[in-house]
Amino acid sequence: HMTDLSKKYRLWVEQGGFCIYTRKPITISSLINGGSVDIEHTIPRSLSFDDSLCNKTLSDSYFNQKIKGNRIPSQLSNYEDILLNIQPWVDKVEEIRGRIIFWKNKSKKAQTKEQKDKAIRQKHLWELDLEYWEKKVNAFFIKEVTTGFRNNQLVDTSIIAKYTMHYLKSVFSRVEVQK
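Described below are features of the structure shown in this document. (Residues numbered from 1 in each chain as written. Predicted model: local features only at pLDDT ≥ 70, side-chain atom pairs only at ≥ 80, totals over all residues. Heavy atoms only, no water.)

### So, the overall build of the chain
Here's step 1: The number of helices and strands found in the chain is 8 helices and 2 strands.
Here's step 2: Reading the chain from its N terminus to its C terminus gives the helix and strand order α-α-β-α-β-α-α-α-α-α.
Here's step 3: Each of the 179 residues in the chain was classed as buried or not, and the buried ones make up 40%.
Here's step 4: For the chain, the proportion of contacts with a sequence separation of at least 24, taken over those separated by at least 6, is 67%. (Helix = DSSP H or I, 4+ residues; strand = E, 2+ residues; numbered from the N terminus. Buried < 20%, exposed > 50% of the residue type's maximum accessible area, 1.4 Å probe, protein only. Contact = heavy atoms within 4.5 Å.)

### Focus: a nonpolar patch on the surface
Here's step 1: Taken together, the side chains of Leu5, Tyr9, Val13, Ile28 and Ile32 define a hydrophobic patch exposed on the protein surface, amounting to about 460 Å² of accessible area.
Here's step 2: Looking at which element gives the most residues to the nonpolar patch, the answer is helix α1 (residues 4-14), with 3 residues.
Here's step 3: Tracing the chain through its elements places Ile28 in helix α2 (residues 28-33). (Patch = residues over 30% accessible without salt bridge, like charges linked within 9 Å, V, L, I, M, F, W, Y side chains within 5 Å. Areas by Shrake-Rupley, 256 points an atom, 1.4 Å probe, with all protein chains shown as cover. Salt bridge = Lys/Arg side-chain N within 4 Å of Asp/Glu carboxyl O.)

### Details of the packing of helix α6 (residues 87-109) against helix α7 (residues 113-138)
Angle between the axes and distance between the axes are the two parameters that describe a pair of packed helices.
Here's step 1: Between α6 and α7, the least distance of the axes is 8 Å, while the angle of their chain directions is 160°. Classified by the interaxial angle, the pair formed by α6 and α7 is roughly antiparallel. For the element pair α6 and α7, the recorded crossing hand is left-handed.
Here's step 2: The residue makeup of the contact of α6 with α7, split by class, is 12 nonpolar, 2 polar and 13 charged. (Axes fitted to C-alpha atoms, helices over the stretch in contact; angles between N-to-C directions. Parallel < 35°, antiparallel > 145°, perpendicular 65-115°, else oblique. Left-handed = near helix turned anticlockwise from the far one by under 90°. Nonpolar A, V, L, I, M, F, W, Y, C, P; charged D, E, K, R; others polar.)

### Some points on the packing of α1 against α7
Here's step 1: Close contact between α1 and α7 brings their axes to 14 Å; oriented N to C, the two are set at 75°. Here α1 is positioned roughly perpendicular relative to α7, judged by the angle of their axes. Every residue of α7 that contacts α1 at Arg10, Leu11 and Glu14 is listed here: Tyr132, Trp133 and Lys136.
Here's step 2: Residue composition of the contact of α1 with α7, grouped by class: 3 nonpolar, no polar and 3 charged.

### Quick look at the pairing of strand β2 (residues 56-60)
Here's step 1: Most of β2 sits out of view: 5 of its 5 residues are buried.
Here's step 2: Burial of the side chains of β2 extends over both faces: Lys56, Leu58 and Asp60 are buried on one face and Thr57 and Ser59 on the other.
Here's step 3: Relative to β2, strand β1 (residues 37-41) runs antiparallel, the two sharing 5 bridges. Counted as the bridge partner of His41 is Lys56 from β2. (Pairing = 2+ DSSP bridges.)

As structure tokens, then:
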């Protein structure tokens, strides 16, 4: 498991060193010392059961505890500003989709087994990355949390497992699935 500090650091890098909700800068010292920064669930865990990193951001503590609370981003009064703040993530999703298409084409045009395997591995790695970023971005566009949404969290886990298995099969000669 990632430690809290390594999670915070990863989210801090992903967010460019600022709170997604308030655009307040998050200093490295506040990241380490805590107090003014929370790891928050974009879609509250009580609504989504999702404790994954793609459902988490760093947030200004006051905003998280006193303003956001148990609400989803689309229910907040500064929702339009939040959408502007996540635009780099939306762009990243499009960039990753382009990379997947690139590696799909590369695998089709490969002259050797090694070239084809490398292209397939790259495609699967980018698909895993896409899964993470799409889920992270989509959490900001949800208007309500339905039972169907909660059930999809379990489906997403099996999709990730499937991609991972295909990737591992391109690296190792023998891969077994364990329950």
